[in-house]
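# Understanding the architecture of this molecule
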Amino acid sequence: MNADDIRAMVQPGRVHRDVYISNAVYQLEMRHLFTNAWVFVGHDSQTPNKGDYITTQVGDQPVIMVRHTDGEVKVLYNRCPHKGTKIAIDRAGNTGKFFRCPYHAWSFKTDGCLLAIPLKKGYEGTGLSETQNGKGMQAVGAVHNYRGFVFARLAEDGIGFQDFFGGSLSSIDNMVDRAPAGRVEISGPPLRYMHKCNWKMLVENQTDTCHPMVAHESSAGTAVKIYEQMGNPEPRPPAMQIIAPFMSPYEFFEDMGIRTWPNGHGHTGVNMSIHSKYDAIPGYFEAMVESYGEERAKAILDENRHNTVYFPNIMVKAPLTQLRNFIPLGADRTLVESYVYRLVGAPEQLTAMSAMYNRMINAPTSIVGHDDLEMYERAQEGLHAEGMQWVDIRRLHTGPEDFETEAVENGTTERQMRNQFHAWAKFMTMSMEDAPGVAAE
Amino acid sequence: MSEGNGTMTTRDDVIDFIYAETRMLDEGRYTEWLDLWLPDAVYWMPLDYKQADPVNATSFLYEDNFMLRLRVERLNGERTFSQKPKSRCHHVIQRPFVDLFEPEAGRFQTVTNMHYVETRLDEQQLLALTVTHDLAMVDGAFRIAGKKVELLNCDAAFGNIQLLP
């Protein structure tokens, strides 16, 4: 499969089904797309102290994110340079000043540099020190910590962080600005939800505004019905704030609006969103005014973006301080990790609201999540039908589109999905040999 | 042996209640099951091992009466796609420990180890549970004042868990 084959899978308004079900495409995504793009690793509050680390994946690559002795966060491949043993397998821990492989006790500084090998004279004259293996644990190509959110690019050379994300960083800004102290911290472990479907289905669904009132009628519609039977009591049950807005009519989602940015990023909820009508939490606005002044505080809180997709594989929900990581484990297997963060300096009820949304919507036990997963898994199976080869994403696509400029459109457009596939083809092919004129910078 | 005012309640009565509640879940008698719950009671399934705070960090479930009712009504809905076809479940339970037994105050607490099996289509999953029940004796009948369901492998990744473990 070459660059032309990849490009041929993405056509105006449709994509070939092999982008979801082909193992060969998945392997190419890992070696090209997830190598060339900036991919989310973790939040620096997960490793607050020197020697703190977490283990995770960038695409299919095992990595360790660690706080080095100089206070910086490093991202290293989780592989001993000797025999390949994973250096750490617990999800989080503290390694002190150095890592030590449990197999033969090779040890490394927390930036990966080789520290010591037992019985080292056995390597004299062998040339080990001249090899990559003799240097220590390999670091990824580049790391960027943006307001606490750590991203990595596996490739040594390539697009810069700012060029890659551009204007989309405004959603992370809004999420962090919502903290009176201007920073967020992780709050508890993430939900971990296994999906037997392709990772891109989950990413697309983040800006799919024509499914909530259909797929989630059984949860959101039933909630509205029960509430009416109860005589619409006040205060509303929490589920009515969180789940019921999924039943909003099509017109509501049209009016929400969608914004797309270059390189596959985009968000729903330009004008308002299903998160706009939450009850005010006492003391929060006052704390925000104290930090930012009234005008700025209002501007921050009036921005109620729904889902922001950071291409390739995370979603940020700024008004609820959440991040979902869609980790690709195979063409038909995706692990979804859903995190909530605490707004430092804000009343604790905001954290409770974020955690409540997380469990009601994103959990393996969620009555909303159940129907989403059902749709993805049915699609993963249905796409094997040989009679039809293309998946349609042409809603509100009426002419040529320029994805290299920011755009705002009707909230029910599938433009953001097309934007993602435009970026997909770009970052898939830029490092393929037969791609003309896209050599790394 | 229970005589209405609760003072004749035995430990066996408490234990029988736990078995009966579990049987209702396995047989899908959800309306009857909902009636066991006191209005303010919460069904909590922690996400973190030995989690102390149910609300300021994510839990799998922290269901008030409205959410439990919604969950049960949804199971029977016409457009509940993830329940077409329906899931089935099965509990195997160890004899409950009665850790709090105060018949005069009408308060009881049990801890029960269970194996929970849930199945749908070709999939079947097994979960090991430790379930803590807080019970109250109200008008001569046991009611659930709180239920905590801890998963042994709470830190594992799961597909859908659709019924109530």
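Everything numeric in this text was worked out from a predicted model, so none of it was measured.

### Details of the overall build of chain A
A tally of regular secondary structure across chain A gives 15 helices and 22 strands. Its C-alpha atoms give chain A a radius of gyration of 23 Å, within 12% of the compact-globule value 22 Å for 441 residues. Summarising its shape, the C-alpha atoms of chain A cover approximately 85 × 55 × 40 Å along the three principal directions. Per-residue burial for chain A yields a buried fraction of 49% across its 441 residues.

### Overview of the UniProt feature "domain: Rieske" (unreviewed entry) in chain A
Per the UniProt record, "domain: Rieske" (unreviewed entry) is annotated on residues 38-118 of chain A. Between the C-alpha atoms that bound residues 38-118 of chain A there is a distance of 37 Å. The span itself is 0% helix and 44% strand.

### Quick look at the packing of helix α8 (residues 217-229) of chain A against helix α3 (residues 65-75) of chain B
For any two helices packed against each other, one specifies the inter-axial angle together with the distance between the axes. Packing of α8 of chain A against α3 of chain B leaves a shortest axis separation of 9 Å and a crossing angle of 120°. It follows that α8 of chain A is oblique to α3 of chain B by the angle criterion. Pair α8 of chain A / α3 of chain B crosses with right-handed handedness. Between α8 of chain A and α3 of chain B, the contacting residues are Ser218, Ser219, Thr222, Ala223 and Ile226 of chain A on the first element and Arg69, Leu70, Glu73 and Arg74 of chain B on the second.

### Notes on the domain arrangement of chain A
All names here are of chain A. Under the domain assignment used here, chain A contains domain 1 (39-146) and domain 2 (180-429). Computed from C-alpha atoms alone, the centre-to-centre distance between domain 1 and domain 2 is 34 Å. Domain 1 puts eight residues into the contact, and the matching count from domain 2 is 10 residues. Split into classes, the residues belonging to the side of domain 1 that touches domain 2 amount to two nonpolar, five polar and one charged.

### Notes on the interface of chain B and chain A
Listed as interface residues are 31 residues of chain B and, on the opposing side, 32 residues of chain A. The set of elements that each furnish at least two residues to the side of chain B that touches chain A consists of β2 (59-63) and α3 of chain B. Examining the composition of the side of chain B that touches chain A, we find that seven residues originate from one element, α3 of chain B, more than from any other. For the side of chain B that touches chain A, the class distribution of residues is 14 nonpolar, nine polar and eight charged.

### Concerning the sheet that holds strand β9 (residues 107-109) of chain A
Residues and elements named next belong to chain A. Ordered by their spatial adjacency, three strands build an open sheet running β8-β9-β10, and the pairing between neighbours is antiparallel. Edge positions in the sheet fall to β8 (98-100) and β10 (114-116), since each of these pairs with one other strand and no more. This sheet shows a mean twist of 35° between the axes of neighbouring strands, independent of strand direction. Two elements, β8 and β9, share three bridges in a ladder whose sense is antiparallel. Bridge pairing in β9 links Arg100 to Ser107.

### Some points on the environment of Met288 of chain A
Residues and elements named next belong to chain A. Looking at the element boundaries, Met288 is found in helix α11 (residues 284-292). Along the primary structure Met288 and Asp177 are separated by 111 residues, whereas in three dimensions their C-alpha atoms are 9.2 Å apart. Residues contacting Met288, with those up to four places away along its chain left out, are Pro180, Ala297, Ile300 and Leu301.

### Regarding the nonpolar core
Residue and element names in this part refer to chain A. Counting 134 residues, the largest nonpolar core has Val41, Met65 and Ile243 as the members making the most contacts within it. The dominant element in this core, judged by the number of residues it contributes, is helix α13 (residues 348-362), at eight residues. Two domains each provide a minimum of three residues to this core, namely domain 1 (39-146) and domain 2 (180-429). Excluding its chain neighbours within four sequence positions, the residues that come into contact with Val41 are Thr56, Val58, Val63, Met65, Val75, Val150, Phe151 and Ala152.

### Quick look at the sheet that holds strand β11 (residues 142-146) of chain A
All names here are of chain A. With antiparallel pairing, the three strands of this open sheet are ordered in space as β3-β12-β11. The two strands at the open ends of the sheet, each matched to only one other strand, are β3 (39-43) and β11. On average, each strand axis in the sheet is tilted by 25° relative to the strand beside it, whichever way the strands run. With four bridges joining them, β3 and strand β12 (residues 149-153) adopt antiparallel strand pairing. Counted as the bridge partner of Gly42 is Val150 from β12.

### With respect to unusual backbone geometry
Omega for the bond connecting Phe311 of chain A with Pro312 of chain A falls within 30 degrees of zero, at 5°, which places this linkage in the cis form. Within the secondary structure layout, Pro312 of chain A lies in the loop between β17 (308-310) and β18 (314-317). Of note, Asn263 of chain A is a non-glycine position whose phi angle comes to about 70°, a positive value. Tracing the sequence through the fold places Asn263 of chain A in the loop between β15 (258-261) and β16 (265-268). For Asn263 of chain A, a count of 25 C-beta atoms within 10 Å gives the class buried. The backbone of Leu121 of chain B shows a phi angle near 50°, a positive value even though the residue is not glycine. Among the secondary structure elements, Leu121 of chain B is positioned in the loop between β5 (107-120) and β6 (123-138).

### Observations concerning the pairing of β5 of chain B
Residue and element names in this part refer to chain B. Bridge count for strand β3 (residues 88-93) against β5 is six bridges, and the pairing is antiparallel. Bridging across to β5, Ile93 finds its partner in Met114. Bridging between strand β4 (residues 97-102) and β5 involves five bridges; their strand directions are antiparallel. Pairing of Leu100 across the sheet is with Gln109, part of β5. The turn linking β4 back onto β5 is made up of four residues, and Gly106 within it adopts a positive phi angle of 70°. As defined by bridge partners, β5 adjoins β6 across 14 bridges and the pair is classed as antiparallel. Bridging across to β6, Met114 finds its partner in Leu129. The turn linking β5 back onto β6 is made up of two residues, and Leu121 within it adopts a positive phi angle of 50°.

### Comments concerning the confidence of the model for chain A
With 98% of its residues at a pLDDT of 70 or more, chain A has an overall mean of 96. Low pLDDT, under 50, characterises residues 437-441 of chain A; the stretch is placed with seven contacts to residues that sit more than four places away or in other chains.

### Notes on the packing of α11 of chain A against helix α12 (residues 294-302) of chain A
All names here are of chain A. Packing of α11 against α12 brings their axes to within 7 Å, and their N-to-C directions diverge by 125°. Between α11 and α12, the crossing angle belongs to the class labelled oblique. As for the relative orientation of α11 and α12, their crossing is right-handed in sense. Contact with α11, carried on its side by Phe285, Met288, Val289 and Tyr292, involves Glu294, Arg296, Ala297, Ile300 and Leu301 of α12 and no other residues of that element.

About the cut-offs
Residues numbered from 1 in each chain as written. Chains lettered and ligands numbered in written order. Predicted model: local features only at pLDDT ≥ 70, side-chain atom pairs only at ≥ 80, totals over all residues. Helix = DSSP H or I, 4+ residues; strand = E, 2+ residues; numbered from the N terminus. Rg over C-alpha atoms; globule rule 2.2 N^0.38 Å. Buried ≥ 20, exposed ≤ 12 C-beta atoms within 10 Å, placed from the backbone. UniProt positions renumbered as here; feature names shortened; annotations may be inferred. Axes fitted to C-alpha atoms, helices over the stretch in contact; angles between N-to-C directions. Parallel < 35°, antiparallel > 145°, perpendicular 65-115°, else oblique. Left-handed = near helix turned anticlockwise from the far one by under 90°. Contact = placed C-beta atoms within 7 Å. Domains from an automatic or database assignment. Nonpolar A, V, L, I, M, F, W, Y, C, P; charged D, E, K, R; others polar. Pairing = 2+ DSSP bridges. Core = buried A, V, L, I, M, F, W, Y, C linked by C-beta atoms within 7 Å. pLDDT = per-residue confidence, 0-100.

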